[in-house]
Amino acid sequence: MKRVGSQPAKLQKKYRAEDDAKDPIQVYCRIRPIQSSLESSCIKVVSDTEIQIYCPPDERGISREGQFSYKKIFTEYETQEVVFQDLGLPLIEQLLTGKSSLIFAYGISGSGKSYTMTGNQEDGGIVGRCFDVIFNSIQNYQARRFTFKPDKLNGFDVYSMEDALFFKSEDFKNNVKNPSKTSKKKDGDTDRIPFNYKIMDIEQDVAYSVFISYVEIYHNYVYDLLEDVSDGEIRRNSKIIREDSNGNMYVHGVNEQEVFNADEAFEWLRKGQLRKRTAPTFLNMDSSRSHTVFTIRVVQAPLDTDGVSIIQDKKYTVVSQLSLVDLAGSERAGKAKTTGQRLQEAGEINKSLSNLKQCLKILYENQSSSNLRNIAEKIPYRTSRLTHLFKSFFEGSGSIRMLICVNPISEYTELLPVLQFGEMSGSVQVKRTTPLRMDIGLTPGRRKVIDVQSINRIPCVIEEDTRVPQDNKINYESKENCFGSYLNLGPPLPDLEVDDLLDNEKRQQLITALDQRIKKKEELRALLITQSNDIRSQIVVLESNYAGAKQEINSLQILRDQDTNKVKQYQNKSFLLENELASLKRKLEFMDNENKRLKSDLNAKDNMLNQVSVDKDLLKQKYNTKIVKKQEQLSREFKDKWKVQENEFEAKLQDKKRKLRHIKNIVESTENIPGHFSRRIVKRTLSDESLNKIEPVVNNGKPTDSKQNEPSQATLRYLRSRRSKSCDPHERWIEHKPPVPIPLQTVMQPKLKKRKSITKLTDAKTVSNNGASKYCLLTQGSDEQGIPEAKLYKVLNINFNKNCCQKNLILIYNLLG
């Protein structure tokens, strides 16, 4: 078997990124359990991969819904163990094979991110279970402490066993001088419950060491939570982010602690959590005010040909890491009721989360087939320390998984962007990295061979003590017979005394026997070496067969675990269906009660409507009575007003008669004028409307007696329409009427067959040239109350003299009007 230095190494690159192969970001969703039965959930699990949210109808009666799909949905009944087995356990297997991974826990404040990542003493989270699985798997293959030490450039130096012992002694001295560095368990802390699980298929010819680091990103600055500071000291010095020679981003100068068991790692985790910045808000009593990144780094180096020492060449060292990121929850200032410093912290948290969304969105758009741009948009990783630190993961240095935590009692507007971001992140693809096994030309299984030899080591020389007391003399012949079946060392030694050694012959016999024994021993040694080599080769064959059988057992165990998981899933599904059935029954009972309540309300409404109808009828009857009384009152008032108007019309009629008598006297007086025309009769007729209007007759401020008005009322009440008999159909008339007469049903209206109608009388020729001897004047107007009335004047046997015709006509017109 050759040593490492005598042949060229066949070690290739530790990671090989396939150009075409890409894997999407696996996004999981976990629903936080509802604490109170009075709270209603706005989330419905449709299947193992689909979730649906809805909001109740608003004031306008509009309700909104949304359905999203993920890699897997963890319902409120899924335990921490189930979440770890599906989300974290595959990443631990990748970590021990040399592949890096990243887990994000994203959600709003109070959705259960920190509980899922860290858990508690009784029910550990993803971080604590990672410790248990890693150390359960490598407990027989761990390197000596201080064999690997960080080189401050994101790599590790490998030291020999002597250097490791020296560093261990120095660390022991420092711990003695500074006992406060060691973490102490508080009295109130209880022993945590470990997670018993072990990964069987790991490389056994390498040595493993585990290093952890814990940082937080607060106000876009990176602080080390495991830094050597006294309790209560404020960390002022922030760390910077750099890029190593392989293109991986790391926190420069961060404190990386080497741990040898899960309890030690958990104590460092607890120490960092005590320094993490938290504060109470209205939504969460222990709200994280910063993003925390817990990193587990596993360093692997192969053993040499002897299977004892570690090869100290750094190019053979493989470093893989698992970053567990607990993102601070996004929150609204109005709902969280944050002010002052807490409001500033919330602003920085939302800003960094927004930059993370922006980076993933641009990465998705650059990968999308609908992107028609020739040049991909630059991704702003450096805008935030969070995205800058994990830039290498987004560019293909490891796999990425995201856990979306949601609170089912949150509002629709808060859950919608979180679920949309998770679904969009599931469409982003990163390059697939395949870790390659280190092939340096050494025989596999060399660690096992050394372990077997150390247990079953066969001595090559049997030492004998010739100085034996006489009382304890040993029978060498019987002893040779005893070992003869196992080892035949030649002829027996001669029985000699001390004095016999002086005899040359006997001394020569002893020398000859010893030479024969030495020769026989050399033959047995060669035979032993040959047989040991044969046994070793057989052991290697048995080990390979054992490894194959163990792999088969592991595959069967994996199948068994898969079947167990399926059984658990079916149990969970049945439990979910039972809960859903119970929920539907409760809803049915609620709907029945609601139906009964609505029926009772409907009956009450019907009774109210009946009562309203009865009240309406009573009101109708009451108002009908009032209307009848009001009509009677108005009728009496109208009759009184009618009598008053009738008396007024009677007075006006008497006045008109007086005027007509006065005109008659004037006309009769004009007959005595020589050479002029004679006036015969001036008559006046009233229209039906003027006759029907009754005006009271006032005598010295007193109304006339009702008995005196009875004849006039009787006369006016029984008037009938008739034509005037004073109009001869053969006579020629001058009819003088308004331009637009108002049609009225008048009485005593003459019927003029031969007439000339005029609207204006301005010249005497209009009368004299027509051969007419009779004149009729019609006037229309309104009385004091605005009631239309018409007046008709007739002048009979008029001699139209040229000298006085126009003057007399104007005089008559003025008198009549």
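Residues numbered from 1 in each chain as written. Predicted model: local features only at pLDDT ≥ 70, side-chain atom pairs only at ≥ 80, totals over all residues. Heavy atoms only, no water.

### Focus: the pattern of salt bridges
Here is the rule: Salt bridges are identified by distance alone: a Lys or Arg side-chain nitrogen within 4 Å of an Asp or Glu carboxyl oxygen. Helix and strand definitions here come from DSSP, where helices need a minimum of 4 consecutive H or I residues and strands a minimum of 2 consecutive E residues; each element is numbered from the N-terminal end.
The full count for this structure, using the stated rule, is 19 salt bridges. Of the charged contacts, one joins aspartate 157 and lysine 314 as a salt bridge, the two residues approaching to 3.1 Å between their closest N and O atoms. Taken together, the residues aspartate 157 in strand β9 (residues 156-158) and lysine 314 in the loop between β17 (291-302) and β18 (318-326) connect sequence positions 157 residues apart. One connected set of salt bridges, linked through shared partners, spans Asp151, Asp157 and Lys314.

### Describing the pairing of strand β7 (residues 101-107)
Under the convention used in this document: Burial classes: relative accessible area under 20% of the type maximum marks a residue as buried, over 50% as exposed, and values in between as partly exposed (1.4 Å probe, protein chains only). For two strands to count as paired, DSSP must find a minimum of two bridges between them.
The buried fraction of β7 amounts to 7 of the 7 residues, a majority that puts the element mostly inside the structure. Of the two faces of β7, the one carrying Ser101, Ile103, Ala105 and Gly107 and the one carrying Leu102, Phe104 and Tyr106 are both buried. Where β7 and β18 come together, 5 bridges link them in parallel fashion. By the bridge assignment for β18, phenylalanine 104 is matched with valine 325. Sheet analysis places β7 next to strand β19 (residues 399-406), joined by 7 bridges and oriented parallel. Residue pairing in the sheet places tyrosine 106 in a bridge with isoleucine 404 of β19.

### Section: the confidence of the model for the chain
What counts, and what does not: In predicted models, pLDDT denotes the confidence assigned by the predictor to each residue on a 0 to 100 scale. The contact rule is simple, with two residues in contact once any of their heavy atoms fall within 4.5 Å.
For the chain, mean pLDDT is 77; residues scoring 70 or higher make up 73% of the total. Confidence drops under a pLDDT of 50 for residues 1-18, and excluding neighbours within four residues, the segment shows 43 contacts in the predicted structure. Every residue in residues 455-486 scores below 50 in pLDDT, and together they form 18 contacts with partners more than four places removed in sequence or on other chains.

### Regarding the pairing of β18
For β18, a buried count of 8 out of 9 residues is recorded, marking the element as mostly surrounded by other parts of the structure. Across 9 bridges, the pairing between β17 and β18 is antiparallel. Looking at the pairing, valine 299 lines up with valine 319 of β18.

### Quick look at the UniProt feature "binding site: ATP" (unreviewed entry) in the chain
As a reminder, the rule being used: UniProt positions are given in the numbering used here, feature names are shortened, and annotations may be inferred rather than shown by experiment. Polar contacts, as counted here, are pairs of nitrogen or oxygen atoms within 3.5 Å of one another; within protein the pair requires one atom able to donate a hydrogen and one able to accept it, and residues that are adjacent in sequence qualify only if both atoms are side-chain atoms.
Following the UniProt record, the feature "binding site: ATP" (unreviewed entry) maps to Gly107, Ile108, Ser109, Gly110, Ser111, Gly112, Lys113 and Ser114 here. Following the sequence through the fold, isoleucine 108 ends up in the loop between β7 and α3 (113-118). Setting aside its immediate chain neighbours within four residues, isoleucine 108 contacts Lys113, Gly329, Ser330, Cys405, Ser410, Glu414 and Val418. Topologically, lysine 113 is positioned in helix α3. Each residue touching lysine 113, except ones within four places of it in the same chain, is listed here: Ala105, Tyr106, Gly107, Ile108, Asp326, Leu327, Ala328, Gly329 and Cys405. Separated by 3.1 Å, the side chain of lysine 113 and the backbone oxygen of isoleucine 108 make a polar contact.

### Some thoughts on helix α6 (residues 262-275)
Quick note on the threshold: The length a helix should cover is 1.5 Å for every residue beyond the first.
Helix length check: α6, at 14 residues, gives a terminal C-alpha distance of 20 Å against a target of 20 Å (1.5 Å per residue), a fit within 8%. Taking burial as the measure, the 14 residues of α6 include 10 buried ones, the bulk of the element. Elements in contact with the buried residues of α6: α4 (126-138), β10 (206-218), β14 (257-259) and β17.

### Points about the nonpolar core
Rule in force here: Residues belong to a common nonpolar core when they are buried Ala, Val, Leu, Ile, Met, Phe, Trp, Tyr or Cys residues joined through side-chain atoms within 4.5 Å.
Phe104, Phe390 and Phe394 are the most contacted members of the largest nonpolar core, which totals 53 residues. Take this core: its biggest share by element is 7 residues, from helix α8 (residues 341-367). When sequence neighbours within four positions are dropped, the list of residues in contact with phenylalanine 394 reads Phe104, Leu356, Leu360, Leu363, Tyr381, Ile400 and Val430. One finds Phe84, Leu87, Ile212 and Phe266 within the second-largest nonpolar core, a separate group that totals 45 residues.

### Examining the state of the cysteines
Disulfide: a covalent bond connecting the sulfur atoms of a pair of cysteines. What counts here: Criterion for a disulfide: a pair of cysteine sulfur atoms within 2.5 Å.
Following the criterion strictly, the structure yields 0 disulfides and no others. With no disulfide of its own, cysteine 405 lies closest to cysteine 29 among cysteine sulfurs, the gap being 7.8 Å.

### A short note on the packing of aromatic side chains
Heads up, the condition is: The criterion for an aromatic pair is that two Phe, Tyr or Trp rings (for Trp, the six-membered ring) have centres within 6.5 Å, with stacked assigned to planes under 30 degrees apart, edge-to-face to planes over 60 apart and tilted to the rest.
For the structure on display, the rule yields 15 aromatic pairs. Residues phenylalanine 104 and phenylalanine 390 carry aromatic rings whose centres are separated by 5.7 Å and whose planes lie at 80° to one another, so their mutual orientation is edge-to-face. Of this pair, phenylalanine 104 sits in strand β7 while phenylalanine 390 is found in the loop between α9 (385-389) and α10 (391-394), placing the two residues 286 residues apart along the sequence. Like phenylalanine 390, phenylalanine 104 is buried. Here the aromatic cluster, defined as three or more aromatic residues joined through ring pairs, consists of Phe104, Tyr381, Phe390, Phe393 and Phe394.

### Some points on the side chain of serine 399
Mapped onto the elements of the fold, serine 399 is located in strand β19. A polar side-chain atom of serine 399 sits 3.3 Å from a polar atom in the side chain of glutamine 94. Beyond its immediate chain neighbours, meaning those up to four positions away, serine 399 contacts Leu91, Gln94, Lys99, Ser100, Ser101, Leu102 and Phe393.

### Considering a nonpolar patch on the surface
The line we're drawing: Patch construction takes residues with relative accessible area above 30% that form no salt bridge. Like charges are linked within 9 Å, and nonpolar side chains (Val, Leu, Ile, Met, Phe, Trp, Tyr) are linked within 5 Å. Accessibility throughout is a Shrake-Rupley quantity obtained with a 1.4 Å probe, and a residue counts as covered only by protein chains that appear here.
There is a patch of nonpolar side chains on the surface, built from Leu619, Tyr623 and Ile627 and spanning about 300 Å² of accessible area. Among the structural elements, isoleucine 627 can be located in helix α14 (residues 504-670). Overall, isoleucine 627 belongs to the partly exposed group, its relative accessible area being 44%.

### Quick notes on unusual backbone geometry
In this model, lysine 152 sits at a positive phi of 65°, which is unusual for a non-glycine residue. Relative to the helices and strands, lysine 152 is located in the loop between β8 (148-150) and β9. For lysine 152, a relative accessible area of 52% translates into the label exposed. Not every positive phi belongs to a glycine, and histidine 219 is a case in point at roughly 55°. With respect to the element layout, histidine 219 can be found in the loop between β10 and β11 (221-224).

### Observations concerning the packing of helix α1 (residues 80-87) against helix α2 (residues 89-96)
The description of two helices packed together rests on the angle between their axes and the distance between the axes. Selection rule: Every angle, taken between N-to-C directions, lies between 0 and 180 degrees, and every axis is a line fitted to C-alpha atoms, over only the stretch in contact when it is a helix. Oblique is the label for any angle not under 35 degrees, not over 145, and not in the 65 to 115 range, which are roughly parallel, roughly antiparallel and roughly perpendicular in turn. Under the scheme applied here, ten amino acids are nonpolar (Ala, Val, Leu, Ile, Met, Phe, Trp, Tyr, Cys and Pro), four are charged (Asp, Glu, Lys and Arg), and all others, including Gly, are polar.
Two elements in contact, α1 and α2, have axes whose closest approach is 4 Å; the angle formed by their N-to-C orientations is 45°. Taken as axis vectors, α1 and α2 run oblique relative to one another. Between α1, through Phe84, Gln85, Asp86 and Leu87, and α2, the contact on the second element is made entirely by Leu89, Pro90, Leu91 and Ile92. Tallied by class, residues from the contact of α1 with α2 come to 6 nonpolar, 1 polar and 1 charged.

### Describing the sheet that holds strand β3 (residues 43-45)
Spatially, the 3 strands line up as an open sheet ordered β3-β4-β5, and their pairing is antiparallel. The strands lining the two open edges of the sheet, one partner per strand, are β3 and β5 (65-69). Within this sheet the neighbouring strands show an average axis-to-axis angle of 20°, counted without direction. Where strand β4 (residues 50-54) meets β5, 5 bridges bridge the pair, whose relative direction is antiparallel. The residue bridging isoleucine 51 from the neighbouring strand is phenylalanine 68, located in β5. Against the sheet, helix α11 (residues 412-425) engages β3, β4 and β5, with an angle of about 30° to β5.

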